[in-house]
Amino acid sequence: MSPDQKHRYKLYYANSRGRAEPIRLVFHFLGVDFEDYRMEQGEFNDAIKAKAPMRQVPFIEIDGGKTTLCQTVSICRYLAKSVQPDKWFGGATKTDSAKVDMMADGFADIYQLAMFGKYGPEGIRDGLQHMYKEMIGPKLKIMEDILKKSKGDYFVGKSIHWCDVYILGILQALDEYDDGVLDDLPELRAFYLRMRQLPELKEYIDANWPATKYKE
């Protein structure tokens, strides 16, 4: 742990990207040393569940369990506002902060839609996949329109915020799950490719993510 780092963090999740990947991205973007505890199948036992506030993953322990937090969006928001707060990574004003939350919540809904289609109960999975196919294009087009109306290269103003890093994680999951999902969304695709190349994230992404078919 860096001598300048005030707290110790441990992230609990399965040995996969999933819902924990946006948290990992925020940690890496902020240059935070953390323990990335990736559990194998069956390892999420009663002892670990007892640590989790809602008996689910992902969750983080801070300073050996003095504080524990779960829910991906809440964890990302907490890190953005508590680690290097002078960067205003969570938004410099109450309005910007609310817009950052809005974008993260909106993409959380999109991720949920995709995961229902991918992992939904077998008896209704075909229906859920059909719903995903019908809804994903229009939903992403709405998000692209918001990006186009922004004043900069990011979703809220000219500066990068934690929602942009969170959205990168969601777009990667969609890219891997649904070949061609960004084919008709040039601005959103450009955002995705640009974010993948951020100096703070590129080394981690190159080492841990599959390649994307999309090119600059």
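Nothing here was measured: the structure is a model prediction, and the numbers come from that model. (Residues numbered from 1 in each chain as written. Predicted model: local features only at pLDDT ≥ 70, side-chain atom pairs only at ≥ 80, totals over all residues. Heavy atoms only, no water.)

Enquirer: Could you give an account of the UniProt feature "domain: GST N-terminal" (unreviewed entry) in the protein chain, naming the residues involved and the relevant values?
Expert: The positions that UniProt labels "domain: GST N-terminal" (unreviewed entry) are, in the present scheme, residues 7-87. The annotated region residues 7-87 carries 30% helix and 23% strand content, and the separation between its end C-alpha atoms amounts to 18 Å. (UniProt positions renumbered as here; feature names shortened; annotations may be inferred. Helix = DSSP H or I, 4+ residues; strand = E, 2+ residues; numbered from the N terminus.)

Enquirer: Which residues make up the domain arrangement of the protein chain, and what are the values?
Expert: Domain boundaries in the protein chain define domain 1 (9-87) and domain 2 (94-198). The straight-line distance from the C-alpha centre of domain 1 to that of domain 2 is 21 Å. Contacts between the two partners involve 13 residues from domain 1, matched on the other side by 17 residues from domain 2. Between domain 1 and domain 2 the total buried area reaches about 1,200 Å² when both faces are included, carbon and sulfur atoms providing 68% of it. Summed over the three residues of domain 1 that lose the most area to domain 2, namely Arg 19, Phe 29 and Val 73, the buried surface amounts to 36% of that side. Its salt-bridge partner being Asp 101, residue Arg 77 comes within 3.0 Å of it at the nearest N-O pair. Between domain 1 and domain 2 we count 4 residue pairs in polar contact (both at pLDDT 80 or more) in total. The set of elements that each furnish at least two residues to the side of domain 1 that touches domain 2 consists of helix 1 (21-29) and helix 3 (72-82). For the side of domain 1 that touches domain 2, the element with the most residues is helix 3, which contributes 6 residues. Of the residues belonging to the side of domain 1 that touches domain 2, the class tally is 7 nonpolar, 2 polar and 4 charged. (Domains from an automatic or database assignment. Contact = heavy atoms within 4.5 Å. Buried area = accessible area lost by both parts, 1.4 Å probe. Salt bridge = Lys/Arg side-chain N within 4 Å of Asp/Glu carboxyl O. Polar contact = N/O pair within 3.5 Å; in protein donor to acceptor, adjacent residues only side chain to side chain. Nonpolar A, V, L, I, M, F, W, Y, C, P; charged D, E, K, R; others polar.)

Enquirer: Account for the environment of Phe 191, naming residues and giving values.
Expert: By the secondary structure assignment, Phe 191 is in helix 7 (residues 186-196). Expressed as a C-alpha distance, the spacing of Phe 191 and Leu 171, which sit 20 residues apart in the sequence, is 9.8 Å. The residues touching Phe 191, leaving out its near neighbours within four places in the chain, are Leu 147, Asp 153, Tyr 154, Phe 155, Asp 164, Ile 167 and Leu 171.

Enquirer: Can you break down the pairing of strand 3 (residues 59-62) residue by residue, with the values?
Expert: Burial along strand 3 is two-sided: the residues Phe 59 and Glu 61 and Ile 60 and Ile 62 are all buried. In this structure, strand 1 (residues 9-14) lies alongside strand 3, joined through 4 bridges in antiparallel fashion. In the sheet register, Leu 11 faces strand 3, and the bridge partner there is Ile 60. (Buried < 20%, exposed > 50% of the residue type's maximum accessible area, 1.4 Å probe, protein only. Pairing = 2+ DSSP bridges.)

Enquirer: Before we move on, could you go through the environment of Ile 136 and cite the residues and values that matter?
Expert: In this fold, Ile 136 is placed in helix 5 (residues 125-149). Residues Ile 136 and Leu 174, 38 residues apart in the sequence, show an inter-C-alpha distance of 9.8 Å. Residues in contact with Ile 136, not counting those within four places in the same chain, are Ile 110, Leu 113, Leu 174, Asp 178 and Val 181.

Enquirer: Tell me what's going on with the side chain of Ser 150, and back it up with residues and numbers.
Expert: You can see Ser 150 is positioned in the loop between helix 5 and helix 6 (162-177). If near-sequence neighbours (up to four positions away) are discounted, Ser 150 is found in contact with Phe 155, Val 156 and Gly 157.

Enquirer: Go over the sheet that holds strand 4 (residues 67-70), please, and point to the residues and values.
Expert: With respect to topology, 4 strands assemble into an open sheet ordered 2-1-3-4, the strand pairing being mixed. Looking at which strands have only one partner, the edges of the open sheet turn out to be strand 2 (35-39) and strand 4. Adjacent strand axes in the sheet meet at a mean angle of 20°, parallel and antiparallel pairs treated alike. Along the sheet, helix 1 contacts strand 1 and strand 2; its crossing angle with strand 1, the most-contacted strand, is approximately 150°. (Axes fitted to C-alpha atoms, helices over the stretch in contact; angles between N-to-C directions.)

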